[in-house]
Amino acid sequence: MNHPLPRREFLKTTTGLLTGIVVAGSPLASIAKLRIAPGRQRAWAVPLSAFTTAEATTLMAMARTIAPHDKLDDAAYALVIKAVDATAVKDDRTHKTITEGIAGLGAGFAKSPESDRVAALTKIESSEFFQTMRLKTLQVLYSSPIAYAYFGYEGEAFSKGGYLHRGFNDLHWLPDVPLEASGPLPEPEEQM
Amino acid sequence: MAAFDHKDDSVVVIIGSGAGGGTLAHELTRRGIKVVLLEAGSRQSLDSFSQVPGEAFNQLTWLDTRTQSGNWGVARDFPTLPVWHCKTVGGTTVHWTASCPRLQPWELRARTTYGEIARASLIDWPITPEELEKYYALAERRMGVTRRNDIPGLPASNNFKVMYAAARKLGYKQVHTGHLAINSRTFDGRGFCIQQGFCVQGCKMGAKWSTLYTEIPDAEETGNLDLRIESTATRVEHEVNGRVNAVIYRDAQGHEQRQAARAVCVAGNAIETTRLLLLSESSKFPHGLANSSGQVGRNYCHQITGFVWGIFDKPIYFWRGATIAGVIEDEAINDPRRGFVGGYRIELVALDLPTLPLVGLRYGWGRDFASIIDNYRNLAGMFINGEDLPCADNRITLDANIKDAYGLPVAHIHVDEHPNDQALRKHAQGQMSRMYEAIGAKRVVVGPTPPATHNTCTARMSADPRDGVTNGWGQTHDIANLFISDGSVLTTPGSANPTLTIVALALRQAEYIAEQMKAGQV
């Protein structure tokens, strides 16, 4: 993920950097069409404008606790943090809510075991900080191409002719539905 | 397209271009009546429909603030979005899933059929079933409804195969791919359904009936339609004698405009229709227009809805295919032995991945919540569509504190569920869970009640003017040239998705308005 800004701008506005490694053969690798040669790896970096790297690391752990999908790339969660960061840059109140919330969780949160993280978040569940993070996580995490690939969702279909000939009725572990309860496939000659 | 003068008081002004307003606009203009159609939203097209779920939601949805209260689940789960309808040319027919069942004769006689029920404000419809059936038949032909008039049903999707097998296990007999206003073959110059599963984002095939690309262009072709987009009505004005004579609205630039009118038809979805009538209060009508009965905004119904998901050990890919192409009608009966009056339909449903965690699952987080989404490929889905009981205090009012961009109070929605509503939902969720378990679901997940989409009954038709807001033609009891032309006029909601009924009533109302105008009564 290359940063679009020139280097000088990049240095001026960046407060932190989230980084990670792309796993060969992962959904992210295939989405990004990254050719990763055997024995080599590819890293990504997401620049932040409101949070420090340490703060963002806490938020990453929080997003992973809210919506734990163990084999889903960190990059998918980094998009959540990027979205929170973008909101916090524009809105001081959000920035304050989030940074204070992070401080409240303490420095050890990200490295603590999941059961401890769940306990810590349960304690603050009714807070604006948690609710903001929960909603943002659900809004962003499942909307990215990485998530589509991971969960198997095929998405937009118009440009591919719908699912009419791409598996909308390919389930064969149950009996077929009689014609009188369904209907015929559209006639091929109708397709223009 | 025509452009009529703001001072031209021979035009009929219709507010809202959805199922009711869009259909009425076509029916009046083709009879030679000049219509100014005010639509608050912008105009999309097959080309411009976004197929990114979040973007599409923002493109089509009425997002202006509403507030809410009451014990219904929506207030807890969706505090900022009590209702989900559209703000765009074509209204909610752009995002609807096109299910077109008819109300049954006994549903039009709810008070007689169900009897006296504590807290409920039931009345019978002022229209006979025979009368309504004539217009159902016209509406079905107009919209190309499947499994009617020799139009074949849609083919069975994977999700429907699961529903069908599960329904048969429980002994249900009336199970099919539904009466849908979705083309199973080319019809009316529109293509057939290619099973995209993007009904809610706007059908890029135009296979699904929407006034956006059927009634409205047909109305434009008559030369009698002046469609004004991004135009939000804020007040209906009246003469000293009480007849309405103009509509005040904000145009696309935010400037206030005044359009003179011979008659006004309000079709802004029950929420905004109520709000406009209440905002139009005057010294002659101190409680709002057409509200001498005090019934405007009361008896708000939204139908009992809710998701049930089955998780299986094999893939279903339930997002592939028309969203709602499946129905079980066996429970759409009145059998008080079930513990409630009124009936419900079980309808097929699927949600795209981004929407599932936001709308389809009860509030949650952590391992259990995430594990449902981990099974996304293996989910099957069904939806309840059941009758809720009207209650006088379930109502739309003007919020005392929150104002919109023009300084006008926003709509407030209050719903305390009737015990009958809760009993019906519980029964439906139980049956749907048993269905999935009967064919080997690993787990059944009961979802929340989503934001209401079937907003009805807040300006209901009534034989006695004290019980409702309009007569059987949607003409307000108080003002002869003020009509209500959307789901607000339903006397009771029944268990049928409301759009077909709204269209049938609009077709019927258009005949009546044209006759009344010819006779000089309007």
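This text follows the structure it describes.
Residues numbered from 1 in each chain as written. Chains lettered and ligands numbered in written order. Predicted model: local features only at pLDDT ≥ 70, side-chain atom pairs only at ≥ 80, totals over all residues. Heavy atoms only, no water.

Let's talk about the side chain of B:Asn158
Secondary-structure assignment places B:Asn158 in helix 6 (residues 158-169). Overall, B:Asn158 belongs to the buried group, its relative accessible area being 0%. Within polar-contact distance, the side chain of B:Asn158 engages the backbone oxygen of A:Gly167 at 3.3 Å. Of note is the side chain of B:Asn158, whose polar atom sits 2.8 Å from the side chain of A:Asp170. (Helix = DSSP H or I, 4+ residues; strand = E, 2+ residues; numbered from the N terminus. Buried < 20%, exposed > 50% of the residue type's maximum accessible area, 1.4 Å probe, protein only. Polar contact = N/O pair within 3.5 Å; in protein donor to acceptor, adjacent residues only side chain to side chain.)

Thoughts on the state of the cysteines
Residue and element names in this part refer to chain B. On inspection of all chains with the given rule, the structure shows zero disulfides over all chains. No disulfide involves Cys 100; its nearest neighbouring cysteine sulfur is the one of Cys 199, lying 12 Å away. Counting only cysteine sulfurs, Cys 301 is the nearest neighbor of Cys 457, a cysteine outside any disulfide, at a range of 4.0 Å. (Disulfide = S-S within 2.5 Å.)

Looking at the pattern of salt bridges
Residue and element names in this part refer to chain B. As enumerated under the stated definition, the model contains 34 salt bridges over all chains in all. A salt bridge links Glu 220 to Arg 43, with the shortest nitrogen-to-oxygen separation between them at 2.9 Å. Placement of the pair is Glu 220 in helix 7 (residues 215-221) and Arg 43 in the loop between strand 2 (35-38) and helix 2 (53-60), with a sequence separation of 177 residues. With its nearest N and O atoms 3.2 Å apart, the salt bridge here joins Arg 76 to Asp 77. Classification of Arg 76 as exposed rests on a relative accessible area of 62%. Overlapping salt bridges bring together Glu 27, Arg 30, Arg 31, Arg 142 and Glu 215 as one network. (Salt bridge = Lys/Arg side-chain N within 4 Å of Asp/Glu carboxyl O.)

Some thoughts on the packing of aromatic side chains
Each aromatic ring pair is described using two quantities: the centre-to-centre distance and the angle formed by the ring planes. Applying the stated rule across the entire model yields 23 aromatic pairs over all chains. Aromatic pair A:Tyr153 and B:Trp319: ring centres 5.5 Å apart, planes at 85 degrees, arrangement edge-to-face. One end of the pair, A:Tyr153, is in the segment after helix 8 (145-151); the other, B:Trp319, is in the loop between strand 10 (304-311) and strand 11 (327-328), on a second chain. What makes A:Tyr153 buried here is its relative accessible area of 5%. By relative accessible area, B:Trp319 is classed as buried at 3%. Chaining the aromatic ring pairs together yields one cluster made of A:Tyr148, A:Tyr153, B:Phe307, B:Trp309, B:Tyr317, B:Phe318, B:Trp319, B:Tyr376 and B:Phe383. Between B:Lys87 and the ring centre of B:Trp62, over which it is positioned, the NZ or CZ distance is 4.8 Å. One Lys or Arg, B:Arg320, reaches over the ring of B:Tyr317 and ends 4.0 Å from the middle of that ring. (Phe/Tyr/Trp six-rings, centres within 6.5 Å; stacked < 30°, edge-to-face > 60°. Lys NZ or Arg CZ within 6 Å of the ring centre and 35° of its normal.)

Notes on the interface of chain A and chain B
The partner chain B presents 54 residues to the 55 residues of chain A that form the contact. Considering only the surface of chain A that becomes buried against chain B, A:Tyr153, A:Phe168 and A:Trp173 emerge as the three largest contributors, covering 16% of it. There are five salt bridges connecting chain A and chain B. A salt bridge links A:Glu154 to B:Arg320; the nearest nitrogen and oxygen atoms lie 2.8 Å apart. Scanning the region where chain A abuts chain B turns up 29 residue pairs in polar contact (both at pLDDT 80 or more). Looking at the side of chain A that touches chain B, the elements that each hand over two or more residues are helix 3 (53-66), helix 6 (114-123), helix 7 (128-141) and helix 8 of chain A. Among the elements that make up the side of chain A that touches chain B, the one with the highest residue count is helix 7 of chain A (six residues). Split by residue class, the side of chain A that touches chain B holds 29 nonpolar, 15 polar and eleven charged. (Contact = heavy atoms within 4.5 Å. Buried area = accessible area lost by both parts, 1.4 Å probe. Nonpolar A, V, L, I, M, F, W, Y, C, P; charged D, E, K, R; others polar.)

Structural notes on the sheet that holds strand 1 (residues 12-15) of chain B
Residue and element names in this part refer to chain B. With parallel pairing, the five strands of this open sheet are ordered in space as 5-2-1-9-17. The sheet terminates laterally at strand 5 (225-228) and strand 17 (482-484), the two strands that pair on one side only. Here the average twist between neighbouring strands, direction ignored, is 15 degrees. Of the pairings in the sheet, the one linking strand 9 (residues 263-266) to strand 17 comprises three bridges and is parallel in character. Each residue of the ladder has a partner; that of Cys 265, found in strand 17, is Phe 483. Against the sheet, helix 8 (residues 269-279) touches strand 1, strand 9 and strand 17, its axis set at about 155 degrees to strand 17. Contacting strand 1, strand 9 and strand 17, helix 12 (residues 499-518) crosses the sheet at an angle of about 170 degrees to strand 17. (Pairing = 2+ DSSP bridges. Axes fitted to C-alpha atoms, helices over the stretch in contact; angles between N-to-C directions.)

Looking at helix 10 (residues 367-374) of chain B
For an α-helix the count is 3.6 residues per turn, leaving residues at separations of three or four pointing the same way. Along helix 10 of chain B, the positions that sit buried rather than exposed are B:Phe369, B:Ala370, B:Ile372 and B:Ile373. Each buried residue of helix 10 of chain B lies within a common arc of 150 degrees when the element is viewed along its axis, so the set occupies one face. Residues of helix 10 of chain B that are buried in the fold lie against helix 7 and helix 8 of chain A together with strand 10, helix 9 (356-360), strand 13 (379-386) and strand 16 (443-446) of chain B. (Arc of directions from axis to C-beta.)

Structural notes on the side chain of B:Ser282
Residues and elements named next belong to chain B. For Ser 282, the position within the fold is in the loop between helix 8 and strand 10. A relative accessible area of 16% places Ser 282 in the buried class. Once residues lying within four places of it in the same chain are set aside, the contact partners of Ser 282 are Arg 235 and His 238.

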